[in-house]
Amino acid sequence: MIDKTYDAAVREARIYASWEDSGAFGHARPGREAAEPFTIVIPPPNVTGSLHMGHALNNTLQDILVRFERMRGRDVLWQPGMDHAGIATQMVVERQLDGEGMSRHEMGRDAFIQRVWTWKSHSGGTIINQLKRLGASCDWSRERFTMDAGLSQAVLKTFITLYHQGLIYKDKRLVNWDPKLLTAISDLEVQQVETNGHLWHFRYPVEGRDGTFITVATTRPETMLGDTAVAVHPDDERYTHLVGKMAVLPLVGRRIPIVADDYADPEQGSGAVKITPAHDFNDFEVGRRHDLEMINIFDERAALNDAVPEAYRGLDRFEARKRVVADLEALGLVEKIDEHVHTVPYGDRGGVVIEPWLTEQWYVDAATLSKPAIEAVERGDTVFVPKAWEKTYFDWMRNIQPWCISRQLWWGHQIPAWYGPDGEVFVAEDEVEAAAMARKHYGDDRPLERDPDVLDTWFSSALWPFSTLGWPDETPELARHYKTDVLITGFDIIFFWVARMMMMGLHMMKDEDGKPEVPFHTVYIHALVRDETGQKMSKSKGNIIDPLELIDEYGADSLRFTLAAMAAQGRDIKLARSRVEGYRNFVTKLWNAARFCEMNACVRTADFDARSLELPVNRWIVGEAEKASKTVTEALEAYRFNDAAGGAYRFVWHVFCDWYLELIKPVLTGDDQAEIDETRATAAWILDRILALLHPFMPYVTEELWGLTGEAGPARETLLIEASWPVLDGLVDSTADADINWLIEAIMAVRSVRSEMNIPPSAELTLALVDPSEGVRQRLNTYEALFRRLARLSSITIADGVPEGAIQVLVGETVGALPVADVIDIAVERARLDKEIQKLAKEIEGIDKKLSNDQFLAKAPDHVVEQQHERKADAAARRDKLEAALGRLPVG
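Residues numbered from 1 in each chain as written. Predicted model: local features only at pLDDT ≥ 70, side-chain atom pairs only at ≥ 80, totals over all residues. Heavy atoms only, no water.

Colleague: Where do I start with the overall build of the protein in this structure?
Modeller: Broken down by element type, the protein carries 28 helices and 29 strands. Its C-alpha atoms give the protein principal-axis dimensions of roughly 105 × 70 × 55 Å. In the protein, which comprises 892 residues, the share counted as buried stands at 54%. Intrachain contacts of the protein at a sequence separation of at least 6 include 77% that bridge at least 24 residues. A total of about 39500 Å² of accessible surface is found on the protein, and carbon and sulfur atoms cover 48% of it. (Helix = DSSP H or I, 4+ residues; strand = E, 2+ residues; numbered from the N terminus. Buried < 20%, exposed > 50% of the residue type's maximum accessible area, 1.4 Å probe, protein only. Contact = heavy atoms within 4.5 Å. Areas by Shrake-Rupley, 256 points an atom, 1.4 Å probe, with all protein chains shown as cover.)

Colleague: Help me understand the pattern of salt bridges in this model?
Modeller: As a working rule, side chains carrying opposite charge can pair if their charged atoms are close by. Enumeration over the complete set of coordinates arrives at 56 salt bridges. With a closest N to O distance of 3.1 Å, Glu624 and Lys627 form a salt bridge. Taken together, the residues Glu624 and Lys627, both in helix α20 (residues 616–637) and three residues apart, mark about one turn of the helix. Because the salt bridges share partners, they merge into one network encompassing Glu36, Glu69, Arg72, Arg74, Asp485 and Glu637. (Salt bridge = Lys/Arg side-chain N within 4 Å of Asp/Glu carboxyl O.)

Colleague: It is not clear to me how the sheet that holds strand β23 (residues 520–526) should be interpreted in this structure. Could you clarify?
Modeller: By way of backbone hydrogen bonds, the strands of a sheet pair with one another, either parallel or antiparallel. With parallel pairing, three strands are arranged side by side in an open sheet as β15-β23-β22. The two strands at the open ends of the sheet, each matched to only one other strand, are β15 (383–385) and β22 (484–490). Adjacent strand axes in the sheet meet at a mean angle of 20°, parallel and antiparallel pairs treated alike. Sheet topology places β22 next to β23; six bridges connect them, and they run parallel. (Pairing = 2+ DSSP bridges. Axes fitted to C-alpha atoms, helices over the stretch in contact; angles between N-to-C directions.)

Colleague: Explain the packing of aromatic side chains to me, please; I cannot follow it from the model alone.
Modeller: One pair of aromatic rings is described through two measures. These are the centre distance and the angle between the planes. For the structure on display, the rule yields 38 aromatic pairs. Site record: aromatic cluster; members linked through ring pairs are Phe561, Tyr583, Phe586, Tyr649, Trp653 and Phe697. Over the face of the ring belonging to Trp19 we find Arg67, whose NZ or CZ atom lies 4.3 Å from the ring centre. If you follow Lys132 out to its NZ or CZ, it ends over the ring of Trp140, 5.3 Å from the centre. (Phe/Tyr/Trp six-rings, centres within 6.5 Å; stacked < 30°, edge-to-face > 60°. Lys NZ or Arg CZ within 6 Å of the ring centre and 35° of its normal.)

Colleague: What's the story with the packing of helix α1 (residues 8–22) against helix α23 (residues 699–709) in this structure? I'm lost.
Modeller: Between two packed helices, what matters for the description is the angle formed by their axes and the separation of those axes. Direction vectors running N to C along α1 and α23 enclose 75°, while the axes themselves pass 10 Å from each other. Classed by the angle they form, the pair α1 and α23 counts as roughly perpendicular. Residues Arg11, Glu12, Arg14, Ile15, Tyr16 and Trp19 of α1 pack against Pro699, Tyr700, Glu703, Glu704 and Leu708 of α23. Taken together, the residues that form the contact of α1 with α23 break down as six nonpolar, no polar and five charged. (Parallel < 35°, antiparallel > 145°, perpendicular 65-115°, else oblique. Nonpolar A, V, L, I, M, F, W, Y, C, P; charged D, E, K, R; others polar.)

Colleague: In this structure, what is going on with helix α22 (residues 673–694)? I would like to understand it.
Modeller: For α22, spanning 22 residues, the distance from its first C-alpha to its last is 31 Å, which sits close to the expected 32 Å at 1.5 Å a residue. Burial runs high along α22: 16 of the 22 residues are buried. Capping of α22 at its N-terminal end is provided by Asp672; its side-chain oxygen lies 3.2 Å from the backbone amide nitrogen of Ala674. (Expected span 1.5 Å × (residues − 1). Polar contact = N/O pair within 3.5 Å; in protein donor to acceptor, adjacent residues only side chain to side chain.)

Colleague: Explanation requested: the nonpolar core in the structure shown.
Modeller: Grouped burial of nonpolar side chains is what soluble globular proteins tend to show. In terms of nonpolar packing, the biggest core is built from 232 residues, with Trp620 and Phe787 touching the most fellow members. Aside from chain neighbours lying at most four places away, what touches Phe787 is Trp742, Leu743, Ala746, Ile747, Val750, Leu767, Leu780, Leu793 and Ile796. Ranked by size, the runner-up nonpolar core spans 37 residues in total, among them Ile295, Leu315, Val324 and Leu333. (Core = buried A, V, L, I, M, F, W, Y, C linked by side-chain atoms within 4.5 Å.)

Colleague: I tried to follow the sheet that holds strand β11 (residues 255–260) on my own but got confused; where do I start?
Modeller: Within the open sheet, the four strands sit side by side as β10-β11-β9-β12. Their pairing is mixed. Edge strands, defined here as strands with exactly one partner in the open sheet, are β10 (246–248) and β12 (272–275). Taken pair by pair, the neighbouring strands of this sheet meet at an average axis angle of 30°, ignoring direction. The sheet contact formed by strand β9 (residues 229–232) and β11 spans three bridges and is parallel. Paired with Val230 across the two strands is Ile258, which belongs to β11.

Colleague: Help me understand the environment of Glu36, please; the structure alone is not making it clear to me.
Modeller: Counting through the fold element by element, Glu36 comes out in the loop between α1 and β1 (37–41). Assessed through its relative accessible area of 52%, Glu36 is described here as exposed. C-alpha separation for the pair Glu36 and Val341, spaced 305 residues apart in sequence, amounts to 57 Å. With residues near it in sequence (within four places) discarded, Glu36 still touches Arg74 and Asp75. There is a polar contact of 3.3 Å between the side chain of Glu36 and the side chain of Arg74.

Colleague: Would you mind going over the side chain of Glu704 with me for this structure?
Modeller: Its location among the elements puts Glu704 in helix α23. Looking at Glu704, its side chain comes within polar contact range of the side chain of Arg11, at 2.6 Å. The contact partners of Glu704, leaving out residues within four places of it in the chain, are Tyr6, Arg11, Arg14, Ile15 and Trp591.

Colleague: Would you mind going over unusual backbone geometry with me for this structure?
Modeller: Backbone geometry follows two general trends: most residues other than glycine have a negative phi, and most peptide bonds adopt the trans configuration. Going from Trp471 to Pro472, the amide bond is cis rather than trans, its omega being 20°. Looking at the element boundaries, Pro472 is found in the loop between α14 (464–467) and α15 (476–481). For the bond running from Tyr482 to Lys483, omega is 10°, close enough to zero to count as cis. Summarising the element assignment, Lys483 is placed in the loop between α15 and β22. The residue Ala85 is not glycine, and still its phi comes out positive at about 50°. Despite not being glycine, Ala302 has its phi angle at roughly 65°, a positive value. Within the secondary structure layout, Ala302 lies in the loop between α8 (281–290) and α9 (317–330).

Colleague: For this particular structure, what's the right way to read the environment of Leu134?
Modeller: Here Leu134 is to be found in helix α6 (residues 126–134). In this structure the C-alpha to C-alpha distance between Leu134 and Arg560, which are 426 residues apart in sequence, comes to 7.7 Å.

Colleague: For this particular structure, what's the right way to read the packing of α20 against helix α21 (residues 641–668)?
Modeller: Orientation of α20 relative to α21, taken along the N-to-C sense of each, is 170°, at an axis distance of 8 Å. Overall, the two elements α20 and α21 adopt an arrangement that is roughly antiparallel. Taken together, the residues of α21 that come into contact with α20 (itself represented by Val617, Asn618, Trp620, Ile621, Glu624, Ala625, Ala628, Thr631, Val632, Ala635 and Leu636) are Phe641, Asp643, Ala644, Gly647, Ala648, Phe651, Val655, Phe656, Trp659, Tyr660, Leu663 and Ile664. Here the contact of α20 with α21 is composed, by residue class, of 18 nonpolar, three polar and two charged.

And the structure:
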């Protein structure tokens, strides 16, 4: 028996356990060995992570597809796993050690790594249980970890292969250096923070020209000690005579050339820029073009080193900044100092300013690997949804730089390279092989030292689609499930992850014909989840919405359906708790509909035939179910999650609950047993299809109702998670469709007038149809009782014309007349409507003034301007509706 209320908190854990116990999440289920595979690899969350709203959206969309395809009979594998998260995990364990008065250096590398594994076994992976609360139906028996033995072997093989192909190499280039964590970090780990600073303008003397200076501007005065050139634009006539001359670097005395380079912008500042190749990414490229000296003036902790004059050695970079400015002022070489707002790069983990630092690191030749990855998307082997993201992909890939893959950490995949006494490099699977290579090279045994660095976490993540399936071993899962089907991810990691998976997959994997094979045929890029005003969620703004809190309060189904319903392609989600609460009401609506069916003995029958129904209302609803099924199916196939959710919602709430259940009440309380039996069986059959259609979006409540409604009638063969997806065809009956839709439209027309005119709900009206057609007369004969009951009409008559004092309303193509003088005061109602219209007109006028105010538009954030446009549109729609109602009022 179905309880009066659905308590998600009590039921969800039990339902999830029943899915796991049944083995429904597993691939290669009995009976599906020959089924077409469907594979998704989960974007691996960090082992240190906990569920945030981005995870909730991403995994909800994945789970919707997985459950949809599972119900369509495909052999589904949703491959789960976690990322070892090098820096983040190492920091967690180092903080623990710090609390114990220890450091990793005191502990030693091997002991520290063992300590990390111990932490992982006890505390890591919290997010996996949180994903289960969301309802994620991954094949957890296949859970992988980027540091497990199999994936480590994949990393090793890939590194060695690329190294011997010349695609991995060592080079001295600029990196993002974290002077607190003492490691290179990726661009994704750098946060650009807007900062109120200064722009210092320095005068550099031109050699051999007394009294001649060239002025440069900088936000980082301390780096001038490493300058090796001044650049001006080739077309800047102010400096043409100085190109090729030398400037003298103040405080240092070094002669530096004045070079012509397009990097210099004549419109910015003086048009001349100082070039510090070892400490600025743009300057590094200028330095390479002009073969400039690259002078590294910082040590690993961003203190000044021995490459600078003695007075500055050992100073912290910010102390050195003050000293440099003071010394230049004393020499009269500071032309001016401007207040200046600019962005400063901070490490998202260490929390200190990142230093562009010249150091030797390991690199991947990304330019070579990117070419096949670009061509694969150009050919359509992999497509992006929305397609607009392909431009972002191409822009990044066509301007790709060497990929720095080494990190100065202990936690991660240690680089498989050993160095001989003379620095010769031996890349091998293990120390034994490296020693054998060294012996062959030197002619005898030599001591070897392993590279202490580990690989960038993104290196192992780039192998995820095939390493998780068992590669480099030739496993059955790899043969069956690679390439995978669709990758669902956020736009912020198109370059860091998607592009690198494309590069590695195409290089390492081949299809049956030996041709390079992409890792997935589709990349679906979802948008951001923002707060209800459109602001990005952040701790500093205090607007973070915790998905677990929403699940606790409203249930996982409500959150999932909200995210799906708002996941329009290319449009960010503005999430408000009220939306989740609204879809919790939808869960309640479904629950109450199922209770209504149970209380009215609507039980499934084994011999039900949707094509042999007699009652028009039943023929109509099975046709509507077919339409809804096709709408949801086509939308999911096209990754239009919001359209799929919207189609299911409209069918369940507005068609089944609002109309069908109301229309069949007289049948169920009537005395025609054949009609009652048919209607009960139809309602039960429709409810089953509803549960199936909603299951990918709202798995918990639908599974619960599937079990409860299965207690009567034929026994259920499976849990809903493994039931068949509704594939309906040939059920639309055009006659029943036209009749019932006419009835619904007629009822809604009368109800609309009642609402607009403030007619009391208890007041029964009379309706006169003016000269209706024969078809309308026949429909009226059939459905008059239902029409009167649901529109609260005392009678329906036929008239030759519109009676005096009546409101006109269109009923289908027929004019209807509702005399209202006896139930409302026409003059009072006219005054009320007129007052409301004037009020809305003033509101629209006020919004227009704001939107035409240049100062407002310049200062207001985008989301505030957007809100004003939305307010105006809402007000205009309400005004138009009231004006239409005013126009319908009888004169006099």
